[in-house]
Amino acid sequence: MTSPEIIRPKAKQRPGDRVFSASALISGSLILAILAAVAGFLMLQGIPGMFADPESVSIYTEGENFVEFVVPLIFGTLWAAALALVMALPLAIGIALFISHYAPRRLAQGLGYIIDLLAAVPSVVFGLWGANVLAGAIQPSFVWLEENLGWIPLFAGPVSGTGRTMLTAAIVLAVMILPIITAISREVFLQTPPLYEEAALALGATRWEMIRTVVLPFGRPGVIAGAMLGLGRALGETMAVAMVLSGSGVIVFDLIGSVNPLTIAANVALRFPEAYGINVNVLIATGLILFAITLVVNSIARYIVNRRKDFSGAN
Amino acid sequence: MSKRIEVNDLDVYYSKFKAVEGVNLVIEPRSVTALIGPSGCGKSTFIRTLNRMHEVIPGAWVDGEVLVDGNNLYGPGVDPVRVRRQVGMVFQRPNPFPTMSIRDNVLAGVKLNNQRISKSDADELVEKSLKGANLWNEVKDRLDRPGNGLSGGQQQRLCIARAIAVEPEVILMDEPCSALDPISTLAIEDLIEELKQDYTIVIVTHNMQQASRVSDRTAFFNIAGTGKPGKLIEVDDTATIFSNPSIKDTEDYVSGKFG
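Please read all numbers here as calculations on a predicted model, not as lab measurements. (Residues numbered from 1 in each chain as written. Chains lettered and ligands numbered in written order. Predicted model: local features only at pLDDT ≥ 70, side-chain atom pairs only at ≥ 80, totals over all residues. Heavy atoms only, no water.)

## A few points about the interface of chain A and chain B
In this assembly, 23 residues from chain A lie in contact with 31 residues from chain B. Around 2200 Å² of area is buried between chain A and chain B when both sides are counted, 64% of it from carbon and sulfur atoms. Linking chain A to chain B there are one salt bridge. Note that Arg48 of chain B is salt-bridged to Glu198 of chain A, the shortest N-O span being 2.8 Å. If you look at where chain A meets chain B, you find two residue pairs in polar contact (both at pLDDT 80 or more). Counting residues per element, the ones that place at least two in the side of chain A that touches chain B are helix H6 (194–202) and helix H7 (207–236) of chain A. If one sorts the elements of the side of chain A that touches chain B by residue count, H6 of chain A sits on top with seven residues. Tallied by class, the residues present in the side of chain A that touches chain B amount to twelve nonpolar, six polar and five charged. (Contact = heavy atoms within 4.5 Å. Buried area = accessible area lost by both parts, 1.4 Å probe. Salt bridge = Lys/Arg side-chain N within 4 Å of Asp/Glu carboxyl O. Polar contact = N/O pair within 3.5 Å; in protein donor to acceptor, adjacent residues only side chain to side chain. Helix = DSSP H or I, 4+ residues; strand = E, 2+ residues; numbered from the N terminus. Nonpolar A, V, L, I, M, F, W, Y, C, P; charged D, E, K, R; others polar.)

Laid out in structure tokens, this is it:
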């Protein structure tokens with residue numbers, strides 16, 4: 001007797017499956033390729049800028065080197081984005097909860113559209129509004145802040161006469177990132193399984209307690225993801241900051257004074273038109289650093305989301 | 001702590017649609033009452049009116065009285081949140097909070113409404129509730145693990161532990177075993193037998209053997225046709241319903257002629 005041949009039935013290949021798997025593979029690799037191309041460009045063009053002889057770089061002030069040039073910009077970028085996130089996140093969660101769990105259905109729908117509309121406003125418009133409307137309108141309250149809360153270093157002053165300060169820029173950024181955080185939070189809050197909401201209510205939870213015990217923990221990874229998208233936008237936002245802020249390369253925590261730090265992206269936008277030669281490479285190098293910062297911020301967010309994976313409700 | 005429930009002329013609506021009509025029913029303390037009937041006859045809708053969970057659905061409302069020891073649940077000024085603390089509920093699909101540990105699941109109801117509990121009291125309550133739900137021995141070494149890592153039957157018993165931790169007077173169970181295997185079902189049925197000593201229990205079930213095994217009284221609901229409201233046809237001692245019901249429809253249903 002011959003040994004029975006092991007027959008491995010080949011899975012039937014259907015054209016639809018093949019097309020789909022190929023297009024998914026192409027899309028996936030395309031993202032990686034684009035990212036690699038961007039990173040490659042930044043490194044190729046930026047690294048010479050990093051190690052250029054400070055004497056030959058005209059955008060450095062006297063005796064400055066690359067590190068001294070870029071550190072205040074990194075500070076300004078992180079500071080503006082963090083302030084914007086601190087202001088926008090609680091508001092966004094509040095609006096999202098109102099839409100998903102409190103507002104009557106018709107009002108909720110209308111509100112949702114308006115929030116989405118806010119996301120469609122170009123950043124130049126936000127910049128114009130911030131520089132020409134908000135700055136002037138908010139300046140008197142800066143005076144008040146200095147008089148009453150001046151003992152907090154953040155509001156030490158002296159107050160800027162134009163109102164075009166770090167706080168104004170951060171408010172504009174907060175308004176800009178509000179829609180994306182709200183939209184994503186609203187979606188995840190709406191996806192809370194009714195099963196668990198009913199479990200909480202049946203235990204005698206009030207509506208707010210139900211939200212606290214079920215909706216918020218369930219939506220947490222989504223809210224963090226939304227916040228990171230918002231933060232990414234705030235870190236990279238160029239026009240609005242460049243238009244509102246007349247900053248310089250300083251590290252200042254005062255939010256309402258006339259001396260303000262600038263962000264990496266705004267600095268590139270402001271200096272690029274007049275940059276030449278090695279200066280361009282220096283600016284691209286700052287872009288490379290922004291790229292790295294965004295990467296680190298996103299990794300931290302991933303880490304936070306994954307840390308309590310067992311309890312995420314996804315299993 | 002168990003209480004008597006009296007339902008007087010209760011109509012239950014979803015917006016304009018009348019889902020259940022004219023229910024009159026008395027449920028004695030420390031007894032198990034089973035609600036049986038074909039799908040869509042309104043038994044799940046009815047059981048949710050006993051702790052005001054019905055009105056959680058937008059547009060849902062109720063006309064009539066539900067008296068728990070003489071107090072109308074639907075009286076003016078009655079807070080549904082307080083009602084639900086008195087009348088606990090276990091759902092068809094096990095629903096321990098996935099974002100909480102086993103321990104926190106048991107304590108979830110106790111920590112609501114700004115109540116504080118010391119750690120030692122909490123430990124004691126967790127042990128007592130889990131023992132009460134026949135789950136302690138299976139989970140005592142992993143109280144800090146997520147509740148949905150347990151099997152379906154264990155999850156359902158965790159939900160029962162969570163419900164009894166707040167010391168309600170009545171426990172409602174809406175098809176608690178329909179998502180479980182026979183062994184887990186048996187565990188829950190044994191548990192119902194024990195819980196009866198302390199609580200008034202109302203259970204909705206599709207399984208007539210289960211009704212005859214666990215309940216003292218059985219109420220049969222039926223529906224005349226789609227779009228018509230469900231009605232309570234007959235309620236009597238379980239033995240009578242299954243051996244000698246007074247209404248023909250009941251006999252047809254329990255003997256398997258329809259449904």
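## Comments concerning the nonpolar core
All names here are of chain A. Of all hydrophobic cores here, the largest spans 62 residues; its most connected members are Leu255 and Ile256. When residues of this core are traced back to their parent elements, those giving at least two are helix H2 (66–102), helix H4 (123–149), helix H5 (166–190), H7, helix H8 (239–244), helix H9 (264–271) and helix H10 (278–307). If one sorts the elements of this core by residue count, H2 sits on top with 13 residues. Setting aside residues up to four positions removed in sequence, Ile256 forms contacts with Phe142, Leu145, Glu146, Leu154, Phe155, Gly157, Pro158, Val159, Ser160, Thr165 and Leu167. (Core = buried A, V, L, I, M, F, W, Y, C linked by side-chain atoms within 4.5 Å. Buried < 20%, exposed > 50% of the residue type's maximum accessible area, 1.4 Å probe, protein only.)

## Some words on empty space enclosed by the protein
The tally for this structure, following the rule as stated, stands at one cavity of 30 Å³ or more. Quantified by volume, the largest cavity comes out at close to 50 Å³. In this structure, the largest cavity is lined by Ala199, Ala202 and Leu203 of chain A together with Gly88, Met89, Phe91, Cys159, Arg162 and Ala163 of chain B. Those elements that place two or more of their residues in the lining of the largest cavity are H6 of chain A together with strand E6 (87–90) and helix H6 (152–165) of chain B. The element best represented in the lining of the largest cavity is H6 of chain B, accounting for three residues. Across the lining of the largest cavity, the residue classes tally to seven nonpolar, one polar and one charged. (1 Å grid on protein atoms, 1.4 Å probe; cavity = no way out; pocket = protein on both sides within 12 Å on 5 of 7 lines; lining within 4 Å. Points joined across faces, edges and corners; volume = space filled by probe spheres on them.)

## A short note on the UniProt feature "transmembrane region" (unreviewed entry) in chain A
Residues and elements named next belong to chain A. Listed under "transmembrane region" (unreviewed entry) in the UniProt record, and renumbered for this structure, are residues 20–44, 73–99, 111–131, 151–181, 238–256 and 276–301. Spanning residues 20–44, this segment combines 100% helix with 0% strand, and its end C-alpha atoms are found 36 Å apart. Annotated as 100% helix and 0% strand, the span residues 73–99 places its first and last C-alpha atoms 38 Å apart. (UniProt positions renumbered as here; feature names shortened; annotations may be inferred.)

## Things to note about the packing of H2 of chain A against H7 of chain A
Residue and element names in this part refer to chain A. One can describe the packing of H2 onto H7 by two numbers: an axis separation of 9 Å at closest approach and a directional angle of 140 degrees. For the element pair H2 / H7, the angle class is oblique. The handedness of the crossing between H2 and H7 comes out as right-handed. Counting all contacts with H2, which are made through Thr77, Leu78, Ala81, Ala82, Leu85, Leu89, Ile93, Leu97, His101 and Tyr102, the residues of H7 involved are Arg207, Trp208, Met210, Ile211, Val215, Leu216, Val223, Ala227, Leu231, Ala234 and Leu235. (Axes fitted to C-alpha atoms, helices over the stretch in contact; angles between N-to-C directions. Parallel < 35°, antiparallel > 145°, perpendicular 65-115°, else oblique. Left-handed = near helix turned anticlockwise from the far one by under 90°.)

## Structural notes on the side chain of Arg157 of chain B
Residue and element names in this part refer to chain B. Relative to the assigned elements, Arg157 resides in helix H6. Reaching out from Arg157, the side chain makes a polar contact with the backbone oxygen of Asn134 at a distance of 2.8 Å. Leave out the neighbours within four places in its chain, and Arg157 touches Ala133, Asn134, Leu135, Glu138, Ala187, Ile188 and Leu191.

## Some thoughts on the sheet that holds strand E3 (residues 32–36) of chain B
Strand pairing in a sheet is mediated by backbone hydrogen bonds. Such pairs are either parallel or antiparallel. Residues and elements named next belong to chain B. Reading across the sheet, the ten strands line up as E5-E4-E1-E2-E10-E9-E3-E8-E7-E6 and stay open at both edges, with mixed pairing between neighbours. The sheet is open, and its two edges are formed by strand E5 (71–72) and E6, each paired on a single side. Contacts from H6 reach E6 and strand E7 (170–174) within the one sheet, and its direction differs from that of E6 by about 170 degrees. (Pairing = 2+ DSSP bridges.)

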